[in-house]
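# Chain and residue survey
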Amino acid sequence: MATNHLLHSSLLPLQGGINFRDQGGHSGADGRKVKSGLLLRAGSLDRLTADDCQYLSQMPLTHIIDYRDIDEVKLKPDVIWQGVQYDNVPANPLTDDVNANFAKLNDEMLAKFDAVDFMSRLYHKLPFDNRAYRHLTTVMMQPESGALVQHCAVGKDRTGIGSAIVLLTLGANRDTVIEDYMLTETTLAPFRNEMMSHLARQLNEQHGIDSLNYVMSAKEVFIGTALKAIDKRYGNTNNWLEQEFGLTAEKRTQIQNKYLES
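Just so it is clear, the structure is predicted and the values come from calculations on it, not from any experiment.

Okay, the overall build of the chain next. From N to C terminus, the chain includes 13 helices and five strands. Along the three orthogonal principal directions, the C-alpha set of the chain runs to about 55 × 45 × 30 Å. Counting every position in the chain, which comprises 262 residues, the buried fraction comes to 54%. Long-range contacts, defined as pairs at least 24 residues apart, comprise 72% of the intrachain contacts of the chain with a sequence gap of at least 6. With the model as given, the accessible surface of the chain reaches about 11,500 Å², and the carbon-plus-sulfur share is 49%. Looking at the chain, you have 27 positive and 33 negative side-chain charges, and the mean spots of the two groups are 2 Å apart.

Given below as structure tokens:
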């Protein structure tokens, strides 16, 4: 097995995993810990090896929720192992602007790309009227569902909001949500460095490279933008969970009893 899990204890020991980590161990409602091995987050699963699939099948993971756009999936389809249900439910509200299909990027496109504006708009829109996250919460509410992994291309933005939904539903505080989000700056580093080295050879325009560096980073302002937008629209995250996803206090308690240690 690869040793990239040594970057942080939450990373799974996978040879082909991208930012593939377990949300277990975080504190939820009443100080109870999230059970390990049930709620996972990741980047694309296209690099998984046969050994990785064997490892994951024994957890056992029963659901893959892929937030990528259709063209991203076609370019790098997930490696699927036996016994797992795969659902591709795109989460990107700005798919007409840009997505993580870096193969189609060029200097001309990036020269007029405003990375700061894009990330601000992305995190303002991701939490609302998003069919992908409704699917996530539906799976979490199924009493018979097992472990799940939610993922996008690198496990940062679309997965970041999905992971925040998981933690807030389980009663985690905002500091925990932000900490889990910011951990991506560390756990994504090997893949981000590889990707940026490849793109630097493909692109000539420094503005474009700087923009991609910004987009590929995990910044507190990103998740903070989403949380502020939620507060502005709904007053607090519990109202958001209930009105966007039907997660009433009773349903959140049921999910907490499923995913939190006794």
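As a further point, take the environment of Gly43. With respect to the element layout, Gly43 can be found in the loop between β2 (39-42) and α1 (50-57). Sequence-wise, Gly43 and Val149 are 106 residues apart; in three dimensions their C-alpha atoms are separated by 9.8 Å. Those residues within four positions of Gly43 in sequence are excluded, and the remaining contacts are Ile18, Asn19, His151, Cys152, Ala153, Val154 and Gly155.

This paragraph deals with the sheet that holds strand β5 (residues 147-151). An order of β1-β2-β5-β3-β4 is seen for the five strands of this open sheet, with the pairing classed as mixed. Two strands close off the open sheet at either side, each with one partner strand: β1 (21-22) and β4 (85-88). Here β2 pairs with β5 via four bridges, running parallel. Paired with Ala42 across the bridge in β5 is His151.

Where helix α5 (residues 131-141) meets helix α6 (residues 158-169), the axes come as close as 10 Å, and the angle between the chain directions of the two elements is 40°. In terms of axis orientation, α5 runs oblique to α6. Every pair of crossing elements has a handedness; the one defined by α5 and α6 is right-handed. Of the residues in α6, those in contact with Tyr133, Leu136, Thr137 and Met140 of α5 are Arg158, Ile161, Gly162, Ile165, Val166 and Thr169. Grouping the amino acids of the contact of α5 with α6 by side-chain chemistry returns six nonpolar, three polar and one charged.

This model, assessed by the stated rule, comprises twelve salt bridges. Put simply, Arg134 and Glu244 hold a salt bridge, and the shortest N to O gap is 3.8 Å. Here Arg134 is found in helix α5, whereas its partner Glu244 is found in helix α12 (residues 237-245), with 110 residues between them in sequence. Among the residues examined, Glu244 registers a relative accessible area of 7% and is labelled buried. Of the charged contacts in the structure, one is a salt bridge between Arg174 and Asp231, with a shortest N-O distance of 2.5 Å. Note that Arg174 is positioned in helix α7 (residues 174-182) and Asp231 in helix α11 (residues 220-234), a separation of 57 residues in sequence.

Contact geometry of α6 with α7 gives a least axis separation of 10 Å together with a crossing angle of 150°. In this structure, α6 crosses over α7, and the sense of that crossing is right-handed. Packed against α6, whose contacting residues are Gly160, Ser163, Ala164, Leu167 and Leu168, the element α7 presents Thr176, Val177, Asp180 and Tyr181 at the interface. For the contact of α6 with α7, the per-class residue count stands at five nonpolar, three polar and one charged.

The next point concerns the pairing of β5. With five of five residues buried, β5 is to be regarded as a mostly interior element. Residue alternation in β5 divides its side chains into two sets, Ala147, Val149 and His151 and Leu148 and Gln150, and both sets are buried. Alignment of strand β3 (residues 61-66) against β5, held across five bridges, turns out to be parallel. By the bridge assignment, His63 is partnered in β5 with Leu148.

Take the packing of aromatic side chains next. All chains considered together, the criterion is met by six aromatic pairs. Ring geometry for Phe128 against Tyr234: centres 6.2 Å apart, planes inclined by 40°, an arrangement best described as tilted. Note that Phe128 is positioned in the loop between α4 (115-125) and α5 and Tyr234 in helix α11, a separation of 106 residues in sequence. Summarising the burial analysis for this pair, Phe128 and Tyr234 share the class buried. Ring centres of Trp240 and Phe245 lie 5.4 Å apart, and the angle between their planes is 75°; on these two criteria the pair is classed as edge-to-face. As far as the burial class goes, Trp240 and Phe245 line up, both buried. When the ring centre of Phe128 is taken as origin, the NZ or CZ atom of Arg233, which lies over that ring, is 3.8 Å away.

The rules behind these values
- Residues numbered from 1 in each chain as written.
- Predicted model: local features only at pLDDT ≥ 70, side-chain atom pairs only at ≥ 80, totals over all residues.
- Heavy atoms only, no water.
- Helix = DSSP H or I, 4+ residues; strand = E, 2+ residues; numbered from the N terminus.
- Buried < 20%, exposed > 50% of the residue type's maximum accessible area, 1.4 Å probe, protein only.
- Contact = heavy atoms within 4.5 Å.
- Areas by Shrake-Rupley, 256 points an atom, 1.4 Å probe, with all protein chains shown as cover.
- Lys, Arg positive; Asp, Glu negative; His and termini not counted.
- Charge placed at Lys NZ, Arg CZ, Asp CG, Glu CD.
- Pairing = 2+ DSSP bridges.
- Axes fitted to C-alpha atoms, helices over the stretch in contact; angles between N-to-C directions.
- Parallel < 35°, antiparallel > 145°, perpendicular 65-115°, else oblique.
- Left-handed = near helix turned anticlockwise from the far one by under 90°.
- Nonpolar A, V, L, I, M, F, W, Y, C, P; charged D, E, K, R; others polar.
- Salt bridge = Lys/Arg side-chain N within 4 Å of Asp/Glu carboxyl O.
- Phe/Tyr/Trp six-rings, centres within 6.5 Å; stacked < 30°, edge-to-face > 60°.
- Lys NZ or Arg CZ within 6 Å of the ring centre and 35° of its normal.

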